[in-house]
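Working through the structure, step by step
This is what each chain is made of:
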Amino acid sequence: MTTESPNTTALDGHRERNTDHDAVDAVRKQITEAGVEYLYYQSVTLGGRAVGKVVPAVHLLRNLERGVQMHRAVVADFQTDRNGTLLGGGARAAEFTALPDLDTFAVLPWDTSVGRFFCRLYEPAHDPERGGEPFAADVRGHLIRRHREFTERTGLVLRSGCEPETTWTGPGLEAAHRPDASPAYRVEMLERNRPVYQKVITYGRALGLDMIEGDYEDPGQLELNWMYDRAELTADRLITFRQICRQVARELGITASFMPKPAIGVMGNGCHHNLSLWRGTQNVLAEPGRRELHLSETGRHALGGILTHAAGAMAVMGSTVNSYKRYWDAGLFAPGGIDWGMDDKTCTVRLSANGRLELKLPDAMVNPYLSHAVLLAVISDGLENRIDPGPPQATTEEAGFRFPALPLNLGEALTAFGEDAVVRGGLTEEIAALHLACKSDEWARFCAAVTDWEHMMYADDTP
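Reference entry: report on the structure contained in this document. What you see is a predicted model, and the numbers here were worked out from it, not measured in a lab.

1. A short note on the nonpolar core
- In this structure, Leu39, Val75, Phe117 and Leu277 are the most contacted members of the largest nonpolar core, which totals 86 residues.
- Here this core gets 8 residues from one element, more than from any other, and that element is helix α11 (residues 368-384).
- Setting aside residues up to four positions removed in sequence, Leu277 forms contacts with Phe150, Leu156, Val157, Leu158, Gln282, Asn283, Val284, Leu285, Ala302 and Ile379.
- Core analysis: the second largest hydrophobic core is formed by 29 residues, Leu209, Met211, Ile244 and Ala249 among them.

2. Focus: the environment of Val55
- With respect to the helices and strands, Val55 occurs in strand β2 (residues 50-56).
- The sequence separation of Val55 and Gly90 amounts to 35 residues, and the corresponding C-alpha distance is 26 Å.
- The residues contacting Val55, other than those within four sequence positions of it, are Glu37, Tyr38, Leu39, Tyr41, Asn63 and Val68.

3. Examining the packing of helix α4 (residues 139-154) against α11
- Their axes nearest at 8 Å, the elements α4 and α11 cross at an angle of 20°. Our classification of the angle between α4 and α11 gives roughly parallel. The two elements α4 and α11 meet at a crossing, and its hand is left-handed. Residues Val139, Arg140, His142, Leu143, Arg146, His147, Phe150 and Arg153 of α4 form the contact with α11, whose own contacting residues are Pro368, Tyr369, Leu370, His372, Ala373, Leu376, Ala377, Ile379, Ser380 and Glu384.
- Classifying every residue of the contact of α4 with α11 gives 10 nonpolar, 4 polar and 4 charged.

4. Considerations on helix α8 (residues 297-308)
- Under the 1.5 Å per step criterion, the end-to-end length of α8 is 16 Å for 12 residues, consistent within 8% with the ideal 16 Å.
- Three or more residues of α8 are buried, namely Gly299, His301, Ala302, Leu303, Gly304, Gly305, Ile306 and Leu307.
- Elements in contact with the buried residues of α8: β12 (271-279), α9 (310-317), β14 (340-342), β15 (349-353), β16 (356-359) and α11.

5. Description of unusual backbone geometry
- In this structure, Phe78 takes a positive phi of about 50° despite not being glycine.
- In this structure, Tyr185 is a non-glycine residue whose phi angle is positive, near 70°.
- When you line up the elements, Tyr185 lands in the loop between β7 (157-169) and α5 (187-192).
- What makes Tyr185 exposed here is its relative accessible area of 59%.

6. Some points on the pattern of salt bridges
- Tallied over the entire structure, the rule returns 19 salt bridges.
- When the shortest N-O distance is used, the salt bridge between Arg230 and Glu232 registers 3.0 Å.
- In this structure, the salt-bridge partner of Arg290 is Glu287, at a minimum N-O distance of 3.0 Å.
- One salt-bridge network, in which partners are shared between bridges, spans Asp101, Arg120, Arg140 and Asp236.

7. Things to note about the packing of α9 against helix α13 (residues 410-419)
- Between α9 and α13, whose axes approach to 7 Å, the crossing angle comes to 120°. In terms of axis orientation, α9 runs oblique to α13. You can see that α9 and α13 cross each other, and the crossing is left-handed. Residues Ala311, Gly312, Met314, Ala315 and Val316 of α9 pack against Ala413, Leu414, Ala416 and Phe417 of α13.

8. Some thoughts on the side chain of Asp81
- Tracing the backbone through its elements, the reader meets Asp81 in the loop between β3 (68-71) and β4 (95-100).
- With no salt bridge to any partner, buried Asp81 finds its closest opposite charge in Arg445, at an N-O distance of 6.0 Å.
- One polar contact links the side chain of Asp81 to the main-chain amide nitrogen of Asn83, over a distance of 2.9 Å.
- In contact with Asp81, other than residues within four places in its own chain, are Leu87, Asp441 and Arg445.

9. Some words on the state of the cysteines
- Summed over the entire model, instances satisfying the criterion amount to 0 disulfides.
- Unpaired in terms of disulfides, Cys438 finds its nearest cysteine sulfur in Cys447, a separation of 16 Å.
- For Cys438, a relative accessible area of 17% puts it in the buried group.

Analysis parameters
Residues numbered from 1 in each chain as written. Predicted model: local features only at pLDDT ≥ 70, side-chain atom pairs only at ≥ 80, totals over all residues. Heavy atoms only, no water. Core = buried A, V, L, I, M, F, W, Y, C linked by side-chain atoms within 4.5 Å. Buried < 20%, exposed > 50% of the residue type's maximum accessible area, 1.4 Å probe, protein only. Helix = DSSP H or I, 4+ residues; strand = E, 2+ residues; numbered from the N terminus. Contact = heavy atoms within 4.5 Å. Axes fitted to C-alpha atoms, helices over the stretch in contact; angles between N-to-C directions. Parallel < 35°, antiparallel > 145°, perpendicular 65-115°, else oblique. Left-handed = near helix turned anticlockwise from the far one by under 90°. Nonpolar A, V, L, I, M, F, W, Y, C, P; charged D, E, K, R; others polar. Expected span 1.5 Å × (residues − 1). Salt bridge = Lys/Arg side-chain N within 4 Å of Asp/Glu carboxyl O. Lys, Arg positive; Asp, Glu negative; His and termini not counted. Polar contact = N/O pair within 3.5 Å; in protein donor to acceptor, adjacent residues only side chain to side chain. Disulfide = S-S within 2.5 Å.

The analysis is restricted to geometry; functional conclusions fall outside its scope.
Structure representation (structure tokens):
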């Protein structure tokens, strides 16, 4: 019997898993049978973008052990701030090692000569101080670790299902409807978008998404959903879904946009998170045997944590300047305050069914690794401190307390984020600081920009 060396690092452990003969042979068999010649080794940035390298598949064994190297500033999308400083690390910063997770291998259904892995990121092995440690700005690796720690501490597993809305535009996709009416749910509009949904569903199923239903929601907007699962798996699948949509748009010569609010007077693109907590095979948000719509005590405390920290979480749930236009446009089912309700579509959190909480704050550009890591933190706070959410749709007087106001723009959201230690504690210090730096720069750039609206209002106006 061998014992693990005290000098073994997280990188060493991952490399050892990647030498498991059965797992490696299974991947090699898939590669051979599909005729895969190229492999993407991809990770995800703070902005939710897939980045990585392409490597000929003949080098599989080499990359399973050595991974691929990338500059650490890639996690901030190689963005410089307004002063020209490269966020996330300068030109002399060390690269990180991206090591593939074997169980994420998939063949791209639109070109079976290409396969892909999701990777986790590590400090380079040669670093004398941190060599082999998890790279602290790795959003995907952090969620995996955070969820494991949450389960070890509480005995619970967070399962989620996302509802990503996407705006599709192009020839033949135009929506005609009566004034002050919506084309939502019309089969005619599904028929116009048949090439879109058929390709997305087909590719989704091929890449491991259990596609379950979809509908047409507003001009150009489709919502196509898949089955819920563990939080980190749902996060991987949301990234995969977005990549699928981009590929389908390329093939059909149209555009797929995840912009939170593409136009005034139409639905914004949300990405509602449907949440449940499980202990083994039991969903603890509901009580066995009760049929009426209700929330268990555990569920109430989890909800209390979500609502208490909703304002602080907004810089993650609505992470762009455009995100806040979705909340400002009244009457379009986006929340305007922090509250909860029994199957009420106007609330921040909706109890849509026994055992399921629907958080309506996240939009279609949300980084799911950040949103779920924050949710684990605020749910933990609710459980540990037995936070009471008050009655559904309560006024301030009825509830006996007041949740913080919903931030009205990204600047306010960043202030709330900076003031909420629980939300920031759901992330690593590096992720929290880098997210704040990137988004503060984005807000500053917007505040300095001159928009079309300003020209319309002021260019020819005489005081």
